[in-house]
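A look at the structure
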Amino acid sequence: MNDPSATPPGQPRHVPVMLQRCLDLLAPALAEPGAVVVDATLGLGGHSEALLRTFPAARLVAVDRDPAALKLAGERLAPFGDRATLVHAVYDEVPEVLERLGIPRVQGILFDLGVSSMQLDEADRGFAYAQDAPLDMRMNQSAGISAAEVLNTYPPGDLVRILRSYGEEKFARKIVDAIVREREREPFTTSARLVELIRDALPQAAKRTGGNPAKRTFQALRIEVNGELAVLERAIPAAVASLAVGGRIAVLSYHSLEDRLVKQVFAAGAANTAPPGLPVVPEQYQPRLALLTRGAELPTEDEVAENRRAAPARLRGAERIREDIR
């Protein structure tokens with residue numbers, strides 16, 4: 001029996017987060033011949049490979065904004081031939097990708113949000129605060145502005161807003177005051193200098209809990225550089241609209257902001273929207289989604305022990321049960 005998380009020779013072992021649970025959630029929709037499943041965040045292709053192995057009658061459409069990820073995943077998925085179609089795109093562009101491919105509706109969609117293992121592990125990408133690297137953080141290095149440009153050019157008020165909104169950083173003002181002083185002396189270019197500045201700016205008590213004190217600032221910068229929340233706000237409703245009736249969607253989130261957006265879209269789709277007091281609820285007001293998870297599911301202790309990056313994961317799933325009626 002094939003190991004669904006097996007990695008081709010020559011590539012480091014990549015452990016997809018909550019892999020079996022994702023497969024189980026999508027399985028009822030992917031058993032029939034002709035089923036199409038979308039991996040909206042291809043990364044290194046671990047989830048995609050498992051989908052292709054587990055559902056041999058299914059076709060995969062996978063997208064990623066990172067050309068380097070597409071190249072590596074393409075090598076990994078090459079044995080599956082034309083069952084796998086890989087596209088350079090951001091995940092809010094899935095409807096346009098499907099339209100170009102002539103696919104009206106799909107049976108499954110998977111999102112594994114956040115930064116990929118490859119991006120964390122490649123020092124020159126600047127995502128990881130544990131190693132010194134250029135402050136880039138772009139998932140597609142051929143487009144957009146880098147984290148260094150954000151730090152060096154944004155007005156202080158915007159930086160405070162970003163750290164508070166995207167990093168939920170209580171000490172945003174202290175950190176930004178230090179950034180503004182330092183960037184006037186010398187522009188920021190590397191991560192180690194930023195990490196040191198954050199350590200110096202925070203009160204001692206704040207440095208004793210919650211892991212690396214730079215993680216919230218790095219998260220906030222990454223979200224800003226890649227427009228992640230704005231993209232996600234568009235992507236999840238668009239993905240739900242791309243599902244056929246009976247189709248299923250599974251979303252892995254890694255911080256509360258992402259999870260809240262997913263929860264809101266799923267809850268709205270699963271709600272009865274009829275005006276109060278109607279004795280019979282007309283079809284157009286009936287729920288379009290059925291929730292497949294009770295709240296957000298967490299990884300098991302064994303999964304976290306095997307892959308520490310799974311620790312913050314939150315998984316939600318839903319099934320499309322009705323078409324929209326206008």
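Residues numbered from 1 in each chain as written. Predicted model: local features only at pLDDT ≥ 70, side-chain atom pairs only at ≥ 80, totals over all residues. Heavy atoms only, no water.

If you tally the helices and strands in the chain, you get 14 helices and seven strands. Within the span of the chain, comprising 326 residues, buried residues form 51% of the whole. When contacts within the chain are restricted to residue pairs at least 6 apart in sequence, those whose partners lie at least 24 apart make up 69%. Surface accessibility of the chain: about 15100 Å² in total, with carbon and sulfur atoms responsible for 52%. (Helix = DSSP H or I, 4+ residues; strand = E, 2+ residues; numbered from the N terminus. Buried < 20%, exposed > 50% of the residue type's maximum accessible area, 1.4 Å probe, protein only. Contact = heavy atoms within 4.5 Å. Areas by Shrake-Rupley, 256 points an atom, 1.4 Å probe, with all protein chains shown as cover.)

Moving on: the pairing of strand β1 (residues 36-39). Neither face of β1 is left uncovered, since the one carrying Val36 and Val38 and the one carrying Val37 and Asp39 both have all their residues buried. Two elements, β1 and strand β2 (residues 59-64), share four bridges in a ladder whose sense is parallel. The partner of Asp39 across the bridge, within β2, is Ala62. Following the chain from β1 across helix α2 (residues 46-54) to the adjacent parallel β2, one finds a crossover that is right-handed. The sheet contact formed by β1 and strand β4 (residues 106-112) spans three bridges and is parallel. From the neighbouring strand, Val38 faces β4, where its bridge partner is Ile109. (Pairing = 2+ DSSP bridges. Right-handed = clockwise from strand over helix to strand, strands pointing away.)

Let us now look at the pattern of salt bridges. Within this structure, the stated rule accounts for 15 salt bridges. Notably, a salt bridge pairs Lys71 with Glu75, separated by 3.1 Å at the nearest N-O pair. Taken together, the residues Lys71 and Glu75, both in helix α3 (residues 67-77) and four residues apart, mark about one turn of the helix. By relative accessible area, which is 56% here, Lys71 ends up exposed. A relative accessible area of 44% means that Glu75 is categorised as partly exposed. Note that Arg248 is salt-bridged to Glu319, the shortest N-O span being 3.3 Å. (Salt bridge = Lys/Arg side-chain N within 4 Å of Asp/Glu carboxyl O.)

Geometric values such as these leave the question of function open.
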